[in-house]
Amino acid sequence: SQVSFEEEGQNPPAVGHWKPLMPSKGDKEEPESGCQDAGGVHEPQSTEQLNVSRLRSSSVEIREKGSEFLRDELHKAQKELKLKDKECERLSKVREQLEQELEELTASLFEEAHKMVREANTKQAAAEKQLREARGKIDMLQAEVTALKTLVITSTPSSPNRELHPQLQSPSKAGFRKGHGRNKSTSSAMVSAASQSVAPEPVSRECKEVDSILFAEFQAWRESPTLDKSCSFLDRIYREDVGPCLDFTKQELSELVRVAVEQNTLTIEPVASQTVPVGKVAAEECGGPKKCALSGLPRTCKHRIMLGDSGSYYYISPSCRARITAVCNFFTYIRYIQQGLVRQDVELMYWEVMRLRREMSLAKLGFYPSEM
């Protein structure tokens with residue numbers, strides 16, 4: 001640059017040193033030239049140093065700003081991580097709560113299912129039991145209907161079938177059969193008690209008149225038939241007929257006989273005169289072929305009774321048998337009415353009941369057929 005300035009005839013500008021306006025006396029040219037030379041040499045170095053220092057200061061500033069930015073970003077990331085941790089913790093608690101509720105719900109569902117299964121099994125067992133009982137009742141009713149049909153076909157009030165009514169057989173034909181055949185108390189029911197189409201036996205030269213009170217009581221009972229003694233119809237019959245008819249000398253045994261008749265568990269069977277008493281009770285208590293167990297009187301006993309399944313037999317006289325049979329006939333007939341097996345007119349059924357009551361009245365007074 002100095003060369004270019006010299007060629008143009010101009011002096012180069014002074015750079016890098018100060019010139020005094022009034023130089024002192026002792027000053028010389030050498031120092032000026034020395035200073036001039038020194039200024040020219042150090043000027044590039046100071047510029048570079050300045051640039052380096054500037055670069056250093058800018059880099060430091062950039063580093064500081066970068067560090068500050070990174071710190072801010074780090075703080076933000078840490079805050080976000082804390083929030084994420086809290087959210088994860090909350091979600092974890094929600095998941096645990098849901099899992100616990102799910103386990104409780106599953107346990108309750110299983111318990112409810114087991115409970116329903118147990119209830120269903122109980123109901124099924126009860127239904128099966130009821131079904132078996134119903135089938136047993138149906139079989140029993142079918143057997144009774146068959147027996148009634150047989151009675152209607154083979155027997156009439158004017159000419160009863162003596163094979164179906166052992167109590168009507170003569171003593172010579174009513175011998176003790178092999179195997180000791182037993183006849184329940186219902187087997188001696190009369191044909192007119194079960195027949196649907198055969199009218200009761202007409203009584204010659206006898207006038208009948210319906211008693212309004214008795215007929216009203218029977219009609220009320222017929223609308224809702226029951227064996228409960230509290231109804232006025234059966235209460236009257238118990239007081240006037242059944243009670244006196246089954247009132248024997250041996251009171252304790254009489255009560256047992258009455259209960260067995262009501263429950264239809266009394267068995268009457270014929271016996272031979274030489275038969276020895278068999279049973280759990282002593283012979284003196286059961287009577288014998290020559291002593292009645294109900295009256296306690298010496299009588300020829302052709303029949304014996306058993307109460308339920310006790311296995312104890314009691315010998316009874318013909319009079320006692322007639323009284324028991326009359327009561328059994330009455331209970332058999334009202335049971336048939338209760339079961340719907342008798343489909344006669346109400347008045348006809350009423351007169352049949354009155355006939356059975358008359359039989360009980362005659363029996364309790366001591367009248368009985370000679371065949372007994």
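The coordinates are above.
Residues numbered from 1 in each chain as written. Predicted model: local features only at pLDDT ≥ 70, side-chain atom pairs only at ≥ 80, totals over all residues. Heavy atoms only, no water.

Caption draft 1: Representation of the overall build of the chain within the structure. Summing up its helical and strand segments, the chain has eight helices and four strands in all. In the chain, the succession of helices and strands from N to C terminus is α-α-β-α-α-α-β-α-β-β-α-α. Here the chain holds 372 residues, and the buried ones make up 27% of them. By sequence separation, contacts in the chain at least 24 residues apart represent 70% of the contacts at least 6 residues apart. Taken as a whole, the chain presents about 25,600 Å² of accessible surface, with 55% of it coming from carbon and sulfur. (Helix = DSSP H or I, 4+ residues; strand = E, 2+ residues; numbered from the N terminus. Buried < 20%, exposed > 50% of the residue type's maximum accessible area, 1.4 Å probe, protein only. Contact = heavy atoms within 4.5 Å. Areas by Shrake-Rupley, 256 points an atom, 1.4 Å probe, with all protein chains shown as cover.)

Caption draft 2: Geometry of a nonpolar patch on the surface. Residues Leu102, Leu105 and Leu109 make up a contiguous nonpolar surface patch of roughly 310 Å² in combined accessible area. The residue Leu102 is located in helix 2 (residues 29–154) in this model. A relative accessible area of 53% means that Leu102 is categorised as exposed. (Patch = residues over 30% accessible without salt bridge, like charges linked within 9 Å, V, L, I, M, F, W, Y side chains within 5 Å. Salt bridge = Lys/Arg side-chain N within 4 Å of Asp/Glu carboxyl O.)

Caption draft 3: Here's a closer look at the nonpolar core. Counting residues in each nonpolar core, the largest one holds 50 residues, and the members touching the most others are Val242, Leu266, Leu294, Ile305, Ile324 and Phe330. Looking at this core, the element that brings in the most residues is helix 7 (residues 318–338), giving 11 residues. What Val242 contacts, discounting residues up to four positions off in sequence, is Ile237, Val327, Phe330, Phe331 and Met360. (Core = buried A, V, L, I, M, F, W, Y, C linked by side-chain atoms within 4.5 Å.)

Caption draft 4: Examining the environment of Val257 more closely. Among the secondary structure elements, Val257 is positioned in helix 5 (residues 251–262). Between the C-alpha atoms of Val257 and Gly308, which are 51 residues apart in sequence, the distance is 9.7 Å. Ignoring any residue separated from it by four or fewer positions in sequence, one finds Val257 in contact with Leu294, Ile305, Leu307 and Ile324.

Caption draft 5: The packing of aromatic side chains, seen in detail. As enumerated under the stated definition, the model contains eight aromatic pairs in all. With a centroid separation of 5.6 Å and 70 degrees between ring planes, the pair formed by Phe330 and Phe331 is classed as edge-to-face. Taken together, the ring pairs in this structure connect Phe215, Phe218, Trp221, Phe233, Tyr350 and Trp351 into an aromatic cluster. Lying over the aromatic face of Tyr238, Lys229 brings its terminal NZ or CZ to 5.2 Å of the ring centre. (Phe/Tyr/Trp six-rings, centres within 6.5 Å; stacked < 30°, edge-to-face > 60°. Lys NZ or Arg CZ within 6 Å of the ring centre and 35° of its normal.)

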